[in-house]
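# Close look at the chain arrangement
So the chains spell out like this:
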Amino acid sequence: MKALYKSGPHPGLELVDRPEPEAGTGEVKIRVLTTGICGTDLHLLHWDGAGAGMATAPLIPGHEFYGEVVAVGDLVEDVQVGDRVSGEGHIVCGICRNCRAGRRQLCIRTRGVGVQRDGAFAEYVVIPQENVWSHTREGSTDIAPELGALFDPFGNAVHTALKFPVVGEDVLITGAGPIGLMAAAVVRHAGARYVAITDVSAPRLALADRMGVDLALNVSTVDIERARQQLRLREGFDVGLEMSGHAEALPEMISVMNHGGKIALLGLPTTSIDIDWAAVVTHMLTLQGIYGREMFETWNAMTAMLQTSQWLHDAVASVVTDVLPATRWQEGFDAAAGGTGGKVVLDWTVF
């Protein structure tokens, strides 16, 4: 099969022939139709400190995907050949305290598809049946392959956006990348009063208008305090979603939060961040880290929302701005690294 392969602990990827994986006991073999390019994949391409720190090589990366089941191993019961599926990329141990308590997203031994084991930048991928999300079984037969590849990052957006109640609340989102954009659509769908989003990319802020935001602010030219002023918030934002990981984003967000405000943090910073802890304490703010998706409540929530809201379905689908054949993977990675568009998806059906 064709696959994007990292042959060793060094920068670069190659489109090469690799052996097809086979489904073992309890596993499912999937013919990959589409894959999304994630920030994690960029780290693995460049093999920078973050990439080398999270993965081992040789490796086939890729963890955002959509495909069709072509084979199932022994003891697989709930997934059938022909199902159209996406996949949960976090494979958990099942026996640590959190796993046994039903909190699988908090497993201390999580292994990532496309990070610690071969992933979906290939014509075929194998994952455990527990990690398969069957759109066929859930009645979502109208999911386009490009949207199906978004379910992993869309899950990140839903997990972050719905961590705290947002009905009637004023929400600030820092970072208008694909996940930030989808989070904006989710909080609008869920009943937020005002939704503001910040970024330094004019094209991404333009995309944010499709998500129903009330204010898209370019913080390279305007102070974040302007967001509070323009929306006439006397007491600040109620909920913050920090999606960028930028060193200045969280301190600035804290400065415009209402007392008792709640902040969910998904963005991974690459440097240490100095924040005003006195403000956190005296304003009684809540800071909550978010990693991945709740397994599998987030998956249920995002499927249900897309099934019942055509507006949300179309808004989330519009986050995909580039679809390229897998043979043009370098062009796709360059577009993803540019930071000016939405989600880049590779098509594995055309060679």
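Please refer to the structure higher up on the page.
The model shown is predicted, which means the values in this text are computed figures rather than measured ones.

### What about the pattern of salt bridges?
- Tallying each qualifying case throughout the model produces 14 salt bridges.
- Close ionic contact of Glu68 with Arg84 constitutes a salt bridge, the shortest N to O distance being 4.0 Å. On the criterion of sequence distance, the pair formed by Glu68 in strand β4 (residues 64-72) and Arg84 in strand β5 (residues 84-87) is long-range, its members being 16 residues apart.
- A salt bridge links Glu331 to Arg328, with the nearest nitrogen and oxygen atoms 2.8 Å apart.
- The exposure class assigned to Arg328 is partly exposed, which follows from its relative accessible area of 37%.
- Where salt bridges share partners, they join Glu20, Glu22 and Lys29 into one cluster.

### Regarding helix α11 (residues 297-308)
- Taking 1.5 Å of rise per residue, 12 residues should cover 16 Å, and α11 covers 17 Å from first to last C-alpha, within 8% of that figure.
- Those residues of α11 that sit buried are Thr298, Trp299, Met302, Thr303, Met305 and Leu306. For α11, the buried positions fall inside an angular range of 165° around the axis, keeping them on one side. Residues Glu297 and Thr308 are exposed on α11 and point more than 90 degrees away from its buried face.
- As for α11, its buried residues are in contact with β5, β9 (132-134), α4 (145-148), α5 (151-161), α6 (178-189) and α12 (310-317).

### Details of the packing of aromatic side chains
- For the coordinates displayed, the defined rule picks out seven aromatic pairs.
- Centre to centre, the rings of Trp133 and Trp299 are 5.7 Å apart; their planes meet at 35°, and the pair counts as tilted. Linking Trp133 in strand β9 with Trp299 in helix α11, this pair joins segments that are 166 residues apart in sequence.
- Here the aromatic rings of Phe151 and Phe154 are separated by 6.3 Å at their centres, their planes lie at 75°, and the arrangement is edge-to-face.

### A word on the side chain of Thr303
- Within the secondary structure, Thr303 is located in helix α11.
- Once you skip the residues sitting within four places of it in the chain, Thr303 turns out to touch Trp133, Glu138, Ser140 and Phe151.

### Examining the environment of Glu20
- Counting through the fold element by element, Glu20 comes out in the loop between β2 (14-17) and β3 (27-36).
- A residue is classified by how much of its surface remains accessible, and Glu20, at 38% relative accessible area, is partly exposed.
- Other than its neighbours up to four places away in sequence, Glu20 contacts Met1, Lys29 and Tyr124.
- Among the polar contacts listed, one links the side chain of Glu20 to the side chain of Lys29, at a separation of 2.7 Å.

### Observations regarding empty space enclosed by the protein
- Applying the stated criterion to the full structure yields one cavity of 30 Å³ or more.
- Taken together, Ser140, Asp142, Ile143, Phe151, Thr303, Leu306, Gln307 and His313 form the lining of the largest cavity.
- When residues of the lining of the largest cavity are assigned to their parent elements, the largest contribution, three residues, is made by α11.
- Here the residues of the lining of the largest cavity are counted per class, giving three nonpolar, four polar and one charged.

### Points about unusual backbone geometry
- Residue Pro58 is bonded to the preceding Ala57 through a cis peptide linkage, with omega at 10°.
- Mapped onto the elements, Pro58 comes out in the loop between α2 (49-54) and β4.
- Put simply, Met295 and Phe296 share a cis peptide bond, and its omega is 5°.
- Its identity is not glycine, yet Trp47 carries a phi of approximately 50°, on the positive side.
- Secondary-structure assignment places Trp47 in the loop between α1 (39-46) and α2.
- Phi at Arg232 is positive, roughly 55°, even though this residue is not glycine.
- Its relative accessible area of 74% is what places Arg232 among the exposed residues.

### Describing the packing of α11 against α12
- In contact at an axis separation of 5 Å, α11 and α12 are set at 110° when each is read in the N-to-C sense. With respect to their mutual orientation, α11 and α12 come out roughly perpendicular. In this structure, α11 contributes Met305, Leu306 and Thr308 to the contact, and α12 contributes Gln310, Leu312, His313 and Val316.
- Its residues assigned to classes, the contact of α11 with α12 comprises four nonpolar, three polar and no charged.

### Quick notes on the environment of Gly87
- Considering the arrangement of structural elements, one finds Gly87 in strand β5.
- Residue Gly87 is classed as buried on the basis of its relative accessible area, which comes to 2%.
- C-alpha of Gly87 to C-alpha of Ala247: the two residues are 160 residues apart in sequence and 31 Å apart in space.

### Concerning the sheet that holds strand β14 (residues 257-265)
- Strand order in this open sheet of six strands is β12-β11-β10-β13-β14-β15, and the pairing throughout is parallel. Of all strands in the sheet, those with a lone pairing partner are β12 (215-218) and β15 (286-289), marking the two edges. Direction aside, the axes of adjacent strands within the sheet are offset by 15° on average.
- With four bridges joining them, strand β11 (residues 194-199) and β12 adopt parallel strand pairing.

The rules behind these values
Residues numbered from 1 in each chain as written. Predicted model: local features only at pLDDT ≥ 70, side-chain atom pairs only at ≥ 80, totals over all residues. Heavy atoms only, no water. Salt bridge = Lys/Arg side-chain N within 4 Å of Asp/Glu carboxyl O. Helix = DSSP H or I, 4+ residues; strand = E, 2+ residues; numbered from the N terminus. Buried < 20%, exposed > 50% of the residue type's maximum accessible area, 1.4 Å probe, protein only. Expected span 1.5 Å × (residues − 1). Arc of directions from axis to C-beta. Contact = heavy atoms within 4.5 Å. Phe/Tyr/Trp six-rings, centres within 6.5 Å; stacked < 30°, edge-to-face > 60°. Polar contact = N/O pair within 3.5 Å; in protein donor to acceptor, adjacent residues only side chain to side chain. 1 Å grid on protein atoms, 1.4 Å probe; cavity = no way out; pocket = protein on both sides within 12 Å on 5 of 7 lines; lining within 4 Å. Points joined across faces, edges and corners; volume = space filled by probe spheres on them. Nonpolar A, V, L, I, M, F, W, Y, C, P; charged D, E, K, R; others polar. Axes fitted to C-alpha atoms, helices over the stretch in contact; angles between N-to-C directions. Parallel < 35°, antiparallel > 145°, perpendicular 65-115°, else oblique. Pairing = 2+ DSSP bridges.

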